[in-house]
Amino acid sequence: MQHQQRSQGWLSPSSDTEDIVALLAPRLVHFAGVARTEHVTRAAQEMQVPQSTLSRSVVRLEQDLGVDLFARHGRTLSLTPAGRTFLVSVERALAEIERAADEVRADADPATGKVAFGFLHTMGAETVPGLLHTFRADHPRIRFSLVQNHGDAMLEGLRAGELDLCLTSPVPDAPDLVARRLDEQKLRLVVPADHRLAGRRRIRLAEAADETFVTLEPGYGLRRITDALCDRAGFRPRVAFEGEEAETLRGLVAAGLGVALLPPPAVPRPGVVELTVTSPRAAREIGVAWLAGRPDTPPVTAFKKFLLSRRGRLLPD
């Protein structure tokens, strides 16, 4: 039996895609069930749906599309060529929806779910591995998606739904975010080992006013802190090199290309000397941030509670 194009359908080729999806989606499962059995009564029994509901759903789907999906033979049905074509895509779409549902359920599982966690590059060598090791002692099966980036990029990741939580500095102050201060990290003036200041242990930042600086790029929190500290010391830093990672800057300092304000390294680096800055007070606050109003899954709740419990002892000794 040749399928027939219905003379009128509710949807035209120019219909808005979102309208089409909203209209058709509730009926696709019914269509797939009937197509699988080619019998409305058996499909209704298998799907535990009233037969009248199933019949109306299939008829309305055909009306919406303006195409016959089934040829009727008494109480049995058979797919038309259009129905077979449609079924392939419907089954693929339903399988993808089922896969996505399984994935989000798995990510939200209290014992085995996933946390998307962002943190600064400078916290990746020691701080974050230590935090995860301690947390997983009580939550051994929770999974993590880890993202290292600068502060502004991580805050955008929170807003875009790509991150659940992030460790960042400075602690953000924005109406759409919630942020909590967790700890403070002292910054040091790092100079080459053969520098004129290398024999010192302490220094006022103003004494480095004539030095060439190597810094992180604009947009990094540590760059903003560096600029602010130098401004408080009464000068604007003369920047020769800008980078994206603190240990790269240490390498540039070791090569004699400038000085830098940096947090302590995970392991001492040869070729540089790290001086305590006595004035102005050189430190950065580390905080955890998340998007305001977004419901947390149980794994995110557990990890957030853990991070907040580390207030004042987030960083390694």
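Described below are features of the structure shown in this document. Numbering of residues starts from 1 in every chain and runs along the sequence as written. Only residues with pLDDT of at least 70 are given local features in this predicted model, and only at 80 or more are side-chain atom pairs given and counted; all residues enter the totals for whole chains, interfaces and linings. Only hydrogens and water are removed before side-chain values are computed, so all heavy atoms of the structure are retained for them.

When a carboxyl oxygen of Asp or Glu is within 4 Å of a side-chain nitrogen of Lys or Arg, the pair counts as a salt bridge. Under the criterion given, the structure shown has 22 salt bridges. For Arg143, the salt bridge goes to Asp107, with nearest N and O atoms at 3.1 Å. Linking Arg143 in strand β4 (residues 143-148) with Asp107 in helix α4 (residues 81-108), this pair joins segments that are 36 residues apart in sequence. On the basis of relative accessibility, which here comes to 36%, the residue Arg143 falls in the partly exposed class. The buried label applies to any residue whose accessible area, calculated with a 1.4 Å probe on protein chains only, is under 20% of its type's maximum; exposed applies above 50%, and partly exposed to all values in between. Of the residues examined, Asp107 reaches a relative accessible area of 18% and is grouped as buried. Glu242 is the salt-bridge partner of Arg223, the closest N and O atoms lying 2.9 Å from each other. On the criterion of sequence distance, the pair formed by Arg223 in helix α7 (residues 221-232) and Glu242 in strand β10 (residues 238-243) is long-range, its members being 19 residues apart. Exposure remark for Glu242: the relative accessible area of 42% places this residue in the partly exposed category. Helix and strand labels come from DSSP, where a helix needs a run of H or I of at least four residues and a strand needs a run of E of at least two; each type is numbered from the N terminus.

It is worth spelling out the pairing of strand β9 (residues 212-216) at this point. Most of β9 sits out of view: 4 of its 5 residues are buried. Bridge count for β9 against β10 is 5 bridges, and the pairing is parallel. Counted as the bridge partner of Thr215 is Glu242 from β10. Looking down the strands as they point away from the viewer, one classifies a crossover as right-handed if the path from the first strand across the helix to the second runs clockwise. Crossover connection from β9 via α7 to parallel β10: handedness right-handed. Two strands are said to pair when DSSP picks up at least two bridges between them.

Let us look at the packing of aromatic side chains. Only Phe, Tyr and Trp rings are paired, with Trp represented by its six-membered ring, and only when their centres lie within 6.5 Å; those with planes under 30 degrees apart are stacked, over 60 edge-to-face, the remainder tilted. This structure, assessed with the given rule, holds 10 aromatic pairs. For the pair Phe135 and Phe306, a centre-to-centre distance of 5.4 Å together with 55° between the ring planes defines the contact as tilted. Taken together, the residues span a long stretch of sequence, with Phe135 in helix α5 (residues 127-138) and Phe306 in helix α9 (residues 298-309) at a distance of 171 residues. The pair Phe135 / Phe306 is uniform in exposure class, with both members buried. In this scheme, the term charge over a ring applies when either NZ of a lysine or CZ of an arginine sits within 6 Å of the ring centre and within 35 degrees of the ring normal. Taking the ring centre of Trp290 as reference, the NZ or CZ of Lys304 above it sits at 4.0 Å.

Turning to the sheet that holds strand β7 (residues 188-192), a few remarks are in order. Reading across from one edge, β8-β12-β7-β11 is the order of the 4 strands in this open sheet, with mixed pairing throughout. Edge positions in the sheet fall to β8 (202-204) and β11 (260-262), since each of these pairs with one other strand and no more. For this sheet, the mean angle separating the axes of adjacent strands, direction not counted, is 45°. To obtain an axis, a line is fitted to C-alpha atoms, over the contacting stretch when the element is a helix, and the angle between two such axes runs from 0 to 180 degrees between their N-to-C directions.

Moving on, we get to the layout of surface pockets. It is a probe the size of a water molecule, rolled over the atoms, that shows where empty space is left. Here a cavity is any set of points on a 1 Å grid over the protein atoms alone where a 1.4 Å probe fits but cannot get out, and a pocket is any open set with protein on both sides within 12 Å along at least 5 of 7 lines; a residue lines the site when it has an atom within 4 Å of a point. Grid points are joined across faces, edges and corners, and a volume is the space filled by probe spheres set on the points. In this structure, the largest pocket encloses a volume near 500 Å³. Lining the largest pocket are 23 residues, with Glu126, Gln185, Pro264, Pro265 and Pro316 sitting closest to its centre. Elements supplying a minimum of two residues to the lining of the largest pocket: β6 (177-186) and α8 (246-254). With 4 residues, β6 is the single largest residue contributor to the lining of the largest pocket. Forming the walls of the second largest pocket are 13 residues, and the residues nearest its centre are Lys114, Asp164, Pro295, Thr297 and Val300.

Inspection of the secondary structure puts Leu94 in helix α4. Taking the relative accessible area as the measure of exposure, Leu94 reaches 23% and is therefore partly exposed. Distance in space between the C-alpha atoms of Leu94 and Arg269 is 55 Å, their sequence separation being 175 residues. Those residues in contact with Leu94 that sit more than four places away from it in its chain are Leu28, Val29 and Ala32. Contacts were defined at the residue level, with two residues in contact if any of their heavy atoms lie within 4.5 Å.

Looking now at the nonpolar core. In this structure, Phe117, Met123, Leu165, Leu167, Phe303, Leu307 and Leu314 are the most contacted members of the largest nonpolar core, which totals 34 residues. Mapped by element, the contributors of at least two residues to this core are β3 (114-119), α5, α6 (151-159), β5 (165-168), β6, β13 (283-291) and α9. No other element matches the 5 residues that β13 contributes to this core. When near neighbours in sequence (up to four residues on either side) are disregarded, Leu314 contacts Met123, Thr127, Leu131, Leu167, Leu182, Asp183 and Ile286. Take the buried residues of types Ala, Val, Leu, Ile, Met, Phe, Trp, Tyr and Cys, join any two whose side-chain atoms come within 4.5 Å, and each joined set is a nonpolar core.

Let's shift gears to unusual backbone geometry. The omega torsion across Ser169 and Pro170 is -5°, close enough to zero to call that bond cis. Topologically, Pro170 is positioned in the loop between β5 and β6. Residue Pro280 is bonded to the preceding Ser279 through a cis peptide linkage, with omega at -10°. You can see Pro280 is positioned in the loop between β12 (272-279) and β13. Phi is positive for Glu38, close to 55°, though the residue is something other than glycine.

Time to look at the sheet that holds β13. Ordered in space as β4-β3-β5-β13-β6, the 5 strands form an open sheet in which the pairing is mixed. The outermost strands of the open sheet, each flanked by one partner alone, are β4 and β6. Across the sheet, the mean angle from the axis of one strand to that of its neighbour is 20°, orientation sign disregarded. α5 contacts β3, β4 and β5 of the sheet and is inclined by roughly 170° relative to β4.

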